[in-house]
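# Descriptive structure summary
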Amino acid sequence: MTLVIKAVMLSVLQRFKSLNFLAAVFKCLLLTTFLSTMASGAYARQQAVELVEPAKALPDFELQNQRGEAFSRDDLLNQWSLIFLGFTTCPDVCPVTLMKLEGVRAELGLRFTPDKIPQVVFLAVDPARDRAVLADYLAHFHPSHIGITGEVGQIDQLVKGLDAFYRIQKPKPGSDYYDVQHTAAIALINPKGEMVAKFKPPFHVQPIAQTIHQIIRSGMQGLGQ
Amino acid sequence: MNNMFITLKAFSIMALMCFAGFVTAKTPLCDIQKGVDSKQAQANHQSQINGVQIKRAWQPAMPHSVPVNAGYLSIVNNGNKKITLSSIHSEQFASVEFHRTRHENGIASMERVTALTVEAGETLNLEPQGLHLMMFRPRTALKDGDQYSVVLNTDQGENHCFVMTVGRCDQCNIVESEHDHFDHHHKHQHHQHNAHASSKE
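Within any chain, residue numbers begin from 1 and follow the written order of that chain's sequence. A letter from A marks each chain and a number from 1 marks each ligand, given out in the order of writing. The model is predicted, so local features are restricted to residues of pLDDT at least 70 and side-chain atom pairs to those at 80 or more, both for listing and for counting; the totals for chains, interfaces and linings are taken over all residues. Side-chain metrics rest on all non-hydrogen atoms present in the structure, leaving aside hydrogens and water.

To continue, consider the overall build of chain A. Tallying secondary structure elements over chain A gives six helices and 10 strands in all. Long-range pairs, those at least 24 residues apart, make up 70% of the contacts in chain A with a sequence separation of at least 6. Here the accessible surface of atoms and residues is derived via Shrake-Rupley with a 1.4 Å probe, and residues count as covered only by protein chains that are part of the display. As displayed, chain A offers around 10500 Å² of accessible surface, 58% of which is attributable to carbon and sulfur atoms. Every helix listed is a DSSP run of H or I at least four residues long, and every strand listed is a run of E at least two residues long, numbered separately from the N terminus. The contact rule is simple, with two residues in contact once any of their heavy atoms fall within 4.5 Å.

Another aspect to go through is the interface of chain B and chain A. With 35 residues of chain B at the contact, the number on the chain A side is 34 residues. Counting of polar contacts relies on pairs of N or O atoms within 3.5 Å, with two restrictions inside protein: one atom must be capable of donating a hydrogen and the other of accepting it, and residues adjacent in sequence are counted only when both atoms are side-chain atoms. For the pair chain B and chain A, the interface holds 12 residue pairs in polar contact (both at pLDDT 80 or more). Those elements that place two or more of their residues in the side of chain B that touches chain A are β2 (68–77), β4 (93–104), β5 (107–113), β8 (131–138), α3 (170–178) and α4 (182–194) of chain B. Residue polarity is assigned by list, with Asp, Glu, Lys and Arg as charged and Ala, Val, Leu, Ile, Met, Phe, Trp, Tyr, Cys and Pro as nonpolar; anything else, Gly included, falls into the polar class. Its residues assigned to classes, the side of chain B that touches chain A shows 18 nonpolar, 11 polar and six charged. By this definition, two strands are paired if DSSP reports at least two bridges between them. In this structure, strand β8 (residues 180–183) of chain A lies alongside β5(B), joined through two bridges in antiparallel fashion.

All names here are of chain A. A pair of cysteine sulfur atoms is labelled a disulfide when the two atoms are within 2.5 Å. Scanning all chains against the criterion turns up one disulfide over all chains. Disulfide pairing is shown between Cys 90 and Cys 94; the S-S distance is 2.2 Å. Taking the torsion about the S-S bond as the criterion, the Cys 90 to Cys 94 disulfide, at about 105°, is right-handed. Here the term buried applies to any residue with accessible area under 20% of the maximum for its type, exposed to any over 50%, and partly exposed to those in between, with areas from a 1.4 Å probe on protein chains only. Residue Cys 94 is classed as buried on the basis of its relative accessible area of 0%.

Before going further, it helps to examine the packing of aromatic side chains. Note on aromatic contacts: the rings of Phe and Tyr and the six-membered ring of Trp form a pair at centre separations within 6.5 Å, being stacked when their planes are under 30 degrees apart, edge-to-face when over 60 apart, and tilted otherwise. Under the definition given, this model contains seven aromatic pairs over all chains. Ring centres 5.6 Å apart and planes at 75° place the aromatic pair Tyr177(A) and Phe136(B) in the edge-to-face group. Of this pair, Tyr177(A) sits in the loop between β7 (166–168) and β8 while Phe136(B) sits in strand β8, each in a different chain. Accessibility assignment for this pair places Tyr177(A) and Phe136(B) in one class, buried. Here the aromatic residues Phe84(A), Phe122(A), Tyr137(A) and Phe141(A) are joined through ring pairs into a cluster of three or more. Above the ring of Tyr178(A), the side-chain terminus of Arg129(A) is found at 3.5 Å from the ring centroid. Note on geometry: a ring has a charge over it if NZ (lysine) or CZ (arginine) is within 6 Å of the ring centre and within 35 degrees of the ring normal.

To continue, consider the sheet that holds strand β9 (residues 186–189) of chain A. Residue and element names in this part refer to chain A. The eight strands lie next to each other as β1-β10-β9-β4-β5-β6-β2-β3, forming an open sheet whose pairing is mixed. Whereas interior strands pair on both sides, the edge strands pair on one side only; in this sheet they are β1 (48–57) and β3 (70–72). Between one strand axis and the next, the sheet turns by 30° as a mean value, whatever way the strands run. Pairing geometry for strand β2 (residues 62–65) and strand β6 (residues 146–149), over two bridges, is antiparallel. Residue Asn 65 lies in a different strand from β6, and its bridge partner there is Ile 148. Lying over the sheet, helix α4 (residues 127–141) contacts β2, β4 (81–86), β5 (119–124) and β6, oriented at roughly 165° with respect to β6. For every element, the axis is a line fit to its C-alpha atoms; helices are fit only across the contacting stretch, and the angle between N-to-C directions ranges from 0 to 180 degrees.

What follows concerns the side chain of Asn65(A). All names here are of chain A. With respect to the helices and strands, the residue Asn 65 is situated in strand β2. Overall, the relative accessible area of 9% leaves Asn 65 in the buried class. Among the polar contacts made by the side chain of Asn 65, one reaches the main-chain amide nitrogen of Arg 67 at a distance of 2.9 Å.

The next subject is α4(A). Residues and elements named next belong to chain A. Considering bend angle alone, the principal kink of α4 is centred on Val 133 and spans about 65°. By the burial criterion, the buried members of α4 are Pro 127, Asp 130, Val 133, Leu 134, Tyr 137, Leu 138 and Phe 141. Contact partners of the buried residues in α4: β4, α3 (93–109), β5, β6 and α5 (152–161). One fitted axis covers the seven residues ending at a residue, a second covers the seven starting there, and the bend at that residue is the angle between these axes.

This brings us to the environment of Gly153(A). Residues and elements named next belong to chain A. Positionally, Gly 153 belongs in helix α5. In this structure Gly 153 comes out as partly exposed when scored by relative accessible area, which is 47%. With 90 residues separating them along the chain, Gly 153 and Leu 63 place their C-alpha atoms 9.9 Å apart.

The next thing to look at is the pairing of β6(A). A regular strand places its side chains on the two faces of the sheet in alternate fashion. Residue and element names in this part refer to chain A. Burial along β6 is two-sided: the residues Ile 146 and Ile 148 and Gly 147 and Thr 149 are all buried. Bridge analysis of β5 against β6 gives three bridges, and the strand direction is parallel. Its bridge partner lying in β6, Phe 122 is registered against Gly 147.

Residue-level confidence of the predictor, termed pLDDT, takes values from 0 up to 100. Confidence in the prediction for chain A averages 83 pLDDT; 76% of positions are at 70 or higher. Contacts for the low-pLDDT stretch residues 21–45 of chain A, under 50 throughout, to residues beyond four places or in other chains number 28 contacts.

Attention now moves to the pairing of strand β10 (residues 194–200) of chain A. Residues and elements named next belong to chain A. Within β10, six of the seven residues are buried, which leaves it mostly tucked inside the rest of the structure. In this structure, β1 lies alongside β10, joined through six bridges in antiparallel fashion. Bridge pairing links Leu 51 to Ala 197 in β10. For β9 and β10, the ladder comprises four bridges, and the chain directions are antiparallel. Opposite Ala 187, over in β10, you have Lys 198 as the bridge partner.

This next bit is on unusual backbone geometry. Of note, the bond from Glu53(A) into Pro54(A) is cis; its omega dihedral lies within 30 degrees of zero at -5°. Inspection of the secondary structure assignment puts Pro54(A) in strand β1. Of the consecutive residues Pro201(A) and Pro202(A), the connecting peptide bond is found in the cis state with omega at 5°. Mapped onto the secondary structure, Pro202(A) falls in the loop between β10 and α6 (205–220). For Asn105(B), which is not a glycine, the phi torsion comes out positive at approximately 50°. Residues other than glycine seldom take positive phi values, yet Arg137(B) does so here, at roughly 50°. Overall, the relative accessible area of 45% leaves Arg137(B) in the partly exposed class.

Printed below as a string of structure tokens:
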């Protein structure tokens, strides 16, 4: 948290140099207040959220959702999204994260109208195993969760845009099971298709919902993205 | 004569009921594990052996199309000796292993752990995104609320049978609430470190 506050102080100093002096001071004051409110929470000490500043536009990509329909960057526009990278044969990290994301959506449902609740997008990076079972897998967690996969090149395009990483491992001798190393962060994408924050594990429903709430609210007040 | 018919009828009804009972009776949990004496397993399930207790054993409900499931539990060692756990099995799965999810530079990866040790007086938590059971190829589809037995064998020759419950994330919340306080968090980390685990590549 102190690092984030330091970063804010730096951006304050940079903005002092700019011409829009007063506007910048006002903006920074509000942003600092917002961040210190976050820092004062009981959970905040443990919460790992990294604000992406400036917001990073995601590249174009052509993937398919769990029903085989095209899914591109356009499907991320005009609504908030939470993208999580994983694979369907992932027994530990992915199921619990998907369940917690549903918890986050439920929390946000108490604070926002449905149009502002982020859609959950599960980016499945192991199409060889994921494609056939993706619909079954996602339906099991929540009917509204979206699962996307497709050509490796297109997956890699989006993975790069998310500053993420994955590597498909070789099976161990005598086993047909292989692991996939992957970034475990959850990316928050704004309605312009830009990444604005990354949440890092361990994931706790309440603080994540609280942070998303503040980011969406600050966006509504003309702050942030 | 009439009496005989009535007796025969009663016998056949009783026999039918017995047969029906035999067919429909569910095998009691923690009673049929391979290599485990059923009486011993039953006793183990109800009491603790040498102060070792298995708590909060659960797994998230997964679609049957997924060939690997993760399982979570807490192993409480209230005894006065260190225990080493090196084998685990369940009739519900083709095989069960101990695995650990590692987070390095934000990247999650999994590694197999051959044995777990729990020091006397310590609790080892197997929980999401850390140490967990890796259960391969479920024999039947499992749904929310289902239960099955698992047997954990110690190198000291004890067999701990416990009941695993299929659930959602209610149990993650218990762990989550324990993380609310920094002290607990550290305590928990300490416990994790007590799990001496050797990796197998």
